[in-house]
Amino acid sequence: MDKVIGIDLGTTNSCVAIYEGGVTQVIPNSEGSRTTPSIVAFTPDGQRLVGNIAKRQAVANPSSTVFATKRMIGRKLKTPEVQRMQMTAPYKIAAADNGDASVVVHGRRYTPQEIGAFVLRQLKEAAQEYLEQTVKDAVITVPAYFDDSQRQATRDAGRLAGLNVLRIINEPTAAALAYGIGADSSGTIAVYDLGGGTFDISVLEFSQGVFQVKATHGDTFLGGEDVDARLMDVLLDSFMQETGIDLHADPVALQRLKDAAERAKIELSSVDETEISLPFLTADANGPKHLRRILTRTELEQLCEDLIAATIDHCRDAMSAAGVQPTQITDVLLVGGMTKMPAVQRAVQHFFNRAPNRTVNPDEAVAVGAAIQGAILAGDVSEVVLLDVVPLSLGIETSGGLLTKLIPRNATVPCSITEVFTTSEDYQPLVNVHVLQGERPLAADNTSLARFELVGIPPALRGVPKIELTFSIDANGILSVSARDLGTKREQLVRVRATSGLTEGAIERILSEAEQFQDADRINVELADIRRRIQGLIYTTERSLGESANYLTEGELDQIRADLENARRSADTADLNRIQATLRDLEKSAFRITEVMYKDFS
Ligand code: ADP
Ligand code: MG
C-alpha cells in the first residue's frame, strides 16, 4: 500500500505527518515551518496565497483573507456560531443555495470545503516534495463534537484536494495515539486542547484499543488569538500615550503589531522577558516613530489570567458531565500551541492535581496521531486497533411520531444494524423513512438528518409488507441508511448528509434535555402509544363490523358506531383520560362483535 499521510486540519494551523521506518515525522512546509496557518488569501491580481504568506498580509488585506473557516464547515448560515462569525469576520460570509455557510471574495463564492481543500492541497504538496513520490491517501482529524455533516464536509474537502480520505478520526483520539496510549492498557484520559481560536476539553475512556468520548466541552471562540488581541491593545495604548498617534486605522502598522504580539507571546513561553521592537512603525510631521517595549512573562500572564480560568471552568463541566473525579484520570494530555505557555500548564496541573503529559509537541500531536492511524491502515503498524463510538443515538420516526432507535449512543463504529418494519395503513404505496439523531422519545424533539421514500409497495393490508431497514456507520462515523422491500426487492439507499449542524456542546445539551424532559416525554410517549392502540382497534372493529353487522341488533349497531365515532374524535386530542375512556368503550363494542361472531360455535 502507498504511504498514508496524517493531517490535522486546524482552525488556526494545520499540520501534516507521516509514519516511516518505525517513527513519525512532521513534514515541514516549503518555508520550513512544521505547521501551516489555515489561511487562504486572494490578491487583487487574482493570485491565491496559502499559509504563512497569506497570514503575513492578513491585516492589510482583510476582506480577501479567509481564516477560521473550520468553524463554518458543514454548517448552515443560520447556526448561532456562524452568525457570530458573520458579525465579526472581516471577510464576507453568505449562504449557499442549500443554506450552508460560505464565503464570498471578489464576487466569487467559496464553500468552507473549498477553502479547506486549498490548505490540504498545500500540505499534500509539501508531503510529496518531502517523500519524493505522489501522495494520495490520508487520514484527517476533526473535533470530537463534529456531527455527521461536519465530518462529511471535511471528507469532501479532502476529496477536493485530490486526497483519498481513508478515515476521519477524532482529534483527542489522535492525540492519545500520538502519546502512545491505548494499545494494551485501559484508563481514562483528559485531553486539554488550547489552539489559536478554540478550546476543547475531552474526557476519553479507553480499553483494548477502543476509545470512547465520555464528554467534550469547550469554547469555539477562545484561544491564543484572544491573548494576542489583548497584547495588541496594550501596545496600541502605550504607543498612543507616548506619541499621541492612534494606529487603529493603519492596516500595515496593525499587521506588524499583531505579528509582534504573537511572537512576544511565544517567546515568553521560554524566556521571562522579551523586547518588542518595531522601528518605523509610522511617522508624523516630526519624523518616523518607533515602538519599543519590554514585556515580561508576569505581565502577559496577568493579561490572560481570566482566559485560562475560563478553560478550567470548562474542564470542571466536562468532568462532571463524564461523571469522573480528577483523581480517576490516568493521564492528562496537552494539545494545541497555546499549551506551551507555562501559565496554562500550571493551571491544568493544579486542576487535575497531576503533571500533564508533555512528551509530544502539543501543536503536532494530532497530526502525529493521524499519521499513526494511517500507518495502521496501511498495515505498517499492527498492535493498535482504534475505534470510536457514536455520540448520539440514530433511528427513524415510527407511527405515532415516535423515535425508534436502531443504533444506540456509544455503540462502537463501524457497525451495522438491520430491523424489519411494516406499513401502518392498508394499501400504503410507499414508506417514508425519516432518519433522526438524538435521545428524546418523540421524533419531533430530535435532529432530523434525512428523509427519503421507498415507493412501489404492492397493495396490501397494513402490517403485511416487510420492509428491511439497515443503518450502517462506517469507520469515519458516516451513516448510510437503506430500506428494502423484502417482497419486491426494491431498495433505496441514502448516505446521510445532515440537514443542519450540531453546535459545540450540542451533544451535551441534547443529553441533558433528554433527562430534563423525561416526565413530559413519558406522557407524550403514553399518548402516542394509546393513540396507536385506539387506531388499531378502530381499524379491526370497522372490519369485523362489516362482517358481522347482520347478527347485531339495531341498538347494538348504533352503540358500536357511536363508540367508533367517539374513539376517532378522541384520538385527535391530547386528552389522555378521554382517549382511555373511549378506548374502554370501544373495547366493549369489539367484544360484543366477537361474541356474536363466535356464538354459533359455543
Ligand atoms: P489550532 O488547533 O487552533 O489550529 P494550534 O494548536 O496550532 O491551533 O495553536 C495555535 C496557537 O498556539 C496560536 O495562538 C499560537 O500563537 C500559539 N502558540 C504556538 N506556539 C506557542 C508557544 N510556544 N507559546 C505560546 N503560544 C504558542
Ligand atoms: Mg488543533
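Rules used throughout
- Residues numbered from 1 in each chain as written.
- Chains lettered and ligands numbered in written order.
- Predicted model: local features only at pLDDT ≥ 70, side-chain atom pairs only at ≥ 80, totals over all residues.
- Heavy atoms only, no water.
- Helix = DSSP H or I, 4+ residues; strand = E, 2+ residues; numbered from the N terminus.
- Areas by Shrake-Rupley, 256 points an atom, 1.4 Å probe, with all protein chains shown as cover.
- Lys, Arg positive; Asp, Glu negative; His and termini not counted.
- Charge placed at Lys NZ, Arg CZ, Asp CG, Glu CD.
- Domains from an automatic or database assignment.
- 1 Å grid on protein atoms, 1.4 Å probe; cavity = no way out; pocket = protein on both sides within 12 Å on 5 of 7 lines; lining within 4 Å.
- Points joined across faces, edges and corners; volume = space filled by probe spheres on them.
- Nonpolar A, V, L, I, M, F, W, Y, C, P; charged D, E, K, R; others polar.
- Near = heavy atom within 4 Å.
- Polar contact = N/O pair within 3.5 Å; in protein donor to acceptor, adjacent residues only side chain to side chain.
- Disulfide = S-S within 2.5 Å.
- Phe/Tyr/Trp six-rings, centres within 6.5 Å; stacked < 30°, edge-to-face > 60°.
- Buried < 20%, exposed > 50% of the residue type's maximum accessible area, 1.4 Å probe, protein only.
- Lys NZ or Arg CZ within 6 Å of the ring centre and 35° of its normal.
- Contact = heavy atoms within 4.5 Å.
- Pairing = 2+ DSSP bridges.
- Axes fitted to C-alpha atoms, helices over the stretch in contact; angles between N-to-C directions.
- Left-handed = near helix turned anticlockwise from the far one by under 90°.

Caption draft 1: Region of the structure containing the overall build of the chain. Per the secondary structure count, the chain includes 15 helices and 26 strands. When the backbone C-alpha atoms are referred to their principal axes, the chain occupies close to 115 × 55 × 55 Å. When the accessible surface of the chain is totalled, it reaches about 27000 Å², and 49% of it is carbon and sulfur. Taking the 61 positively charged and 81 negatively charged side chains of the chain as two groups, their mean positions are separated by 3 Å.

Caption draft 2: Fine view of the domain arrangement of the chain. Looking at the assigned domains, one finds that the chain contains domain 1 (4–222 + 307–388), domain 2 (224–305), domain 3 (394–503) and domain 4 (518–601). Of note, the centres of domain 2 and domain 4, computed from C-alpha atoms alone, are 79 Å apart.

Caption draft 3: Quick look at empty space enclosed by the protein. Inspection of the entire model under this criterion finds nine cavities of 30 Å³ or more. Empty space within the second largest cavity amounts to approximately 100 Å³. In terms of lining residues, the second largest cavity is bounded by L9, G10, T11, S38, A68, T69, K70, I73, P112, I115, G116 and V119. Considered class by class, the residues forming the lining of the second largest cavity number six nonpolar, five polar and one charged.

Caption draft 4: Focus on the site of ligand 1. As a structural note, the neighbourhood of ligand 1 is formed by 16 residues, with T12, N13, E262, K265 and S269 the closest of them. For ligand 1, a nitrogen atom lies 2.6 Å from a polar atom in the side chain of S269. In the model, an oxygen atom of ligand 1 is placed 3.2 Å from a nitrogen or oxygen of the M338 main chain. Here ligand 1, which alone exposes 570 Å², has 91% of that area covered by the protein. The leading source of residues in the shell around ligand 1 is helix α7 (residues 251–267), at three residues. When grouped by side-chain class, the residues that make up the shell around ligand 1 number two nonpolar, 11 polar and three charged.

Caption draft 5: Seen up close, the state of the cysteines. Enumeration over the complete set of coordinates arrives at zero disulfides. Of the cysteine sulfurs around C304, a residue in no disulfide, the closest is that of C315, at 15 Å.

Caption draft 6: View of the packing of aromatic side chains. Within this structure, the stated rule accounts for seven aromatic pairs. Ring geometry for F42 and Y110: centres 4.6 Å apart, planes at 25 degrees, overall stacked. Taken together, the positions of F42 in strand β5 (residues 39–42) and Y110 in strand β10 (residues 108–110) put the pair 68 residues apart, joining distant regions of the chain. Of the two residues, F42 and Y110, both sit in the buried class. Each ring, one from F351 and one from F352, has its centre 4.8 Å from the other, and the planes form 85 degrees; the classification is edge-to-face. When sorted by exposure, F351 lands in the same class as F352, which is buried. Aromatic ring contacts, followed pair by pair, group F42, Y110 and F118 into a single cluster. Cation over ring: R108 sits above Y110, and NZ or CZ is 4.3 Å from the ring centre. Against the face of Y539 rests R462, its NZ or CZ located 4.5 Å from the ring centre.

Caption draft 7: Inspection of the side chain of E301 at higher detail. Secondary-structure assignment places E301 in helix α8 (residues 297–303). Judged by relative accessible area, E301 falls into the buried class, the value being 16%. A polar side-chain atom of E301 sits 3.1 Å from a polar atom in the side chain of R346. Sequence-distant contacts of E301, defined by excluding residues within four places in its chain, comprise M341, A343 and R346.

Caption draft 8: Quick peek at the sheet that holds strand β19 (residues 394–398). If you walk across this open sheet you meet the four strands as β20-β19-β22-β23, and the pairing is antiparallel. Edge positions in the sheet fall to β20 (402–407) and β23 (447–454), since each has one partner strand and no second. The average undirected angle you get between the axes of adjacent strands in this sheet is 30 degrees. The pairing of β19 with β20 spans five bridges and is classified as antiparallel. When the bridges of β20 are listed, I396 appears paired with T404.

Caption draft 9: Focus on the packing of helix α6 (residues 224–243) against α7. One way to put it is that α6 packs onto α7 with a least axis distance of 9 Å and a crossing angle of 120 degrees. Considering how the two elements wind past one another, α6 and α7 form a crossing that is right-handed. Within the contact between the two elements, α6 uses G224, V227, D228, L231, M232, L235 and L236 and α7 uses L254, L257, K258, A261, E262, A264 and K265.

Caption draft 10: Up close: the layout of surface pockets. Its boundaries defined by the atoms lining it, the second largest pocket holds a volume of some 440 Å³. Residue lining of the second largest pocket: 18 residues in total, with E397, T398, S399, T422 and N432 positioned closest to the centre. With four residues, strand β22 (residues 431–437) is the largest single contributor of residues to the lining of the second largest pocket. The class makeup of the residues in the lining of the second largest pocket is seven nonpolar, nine polar and two charged.

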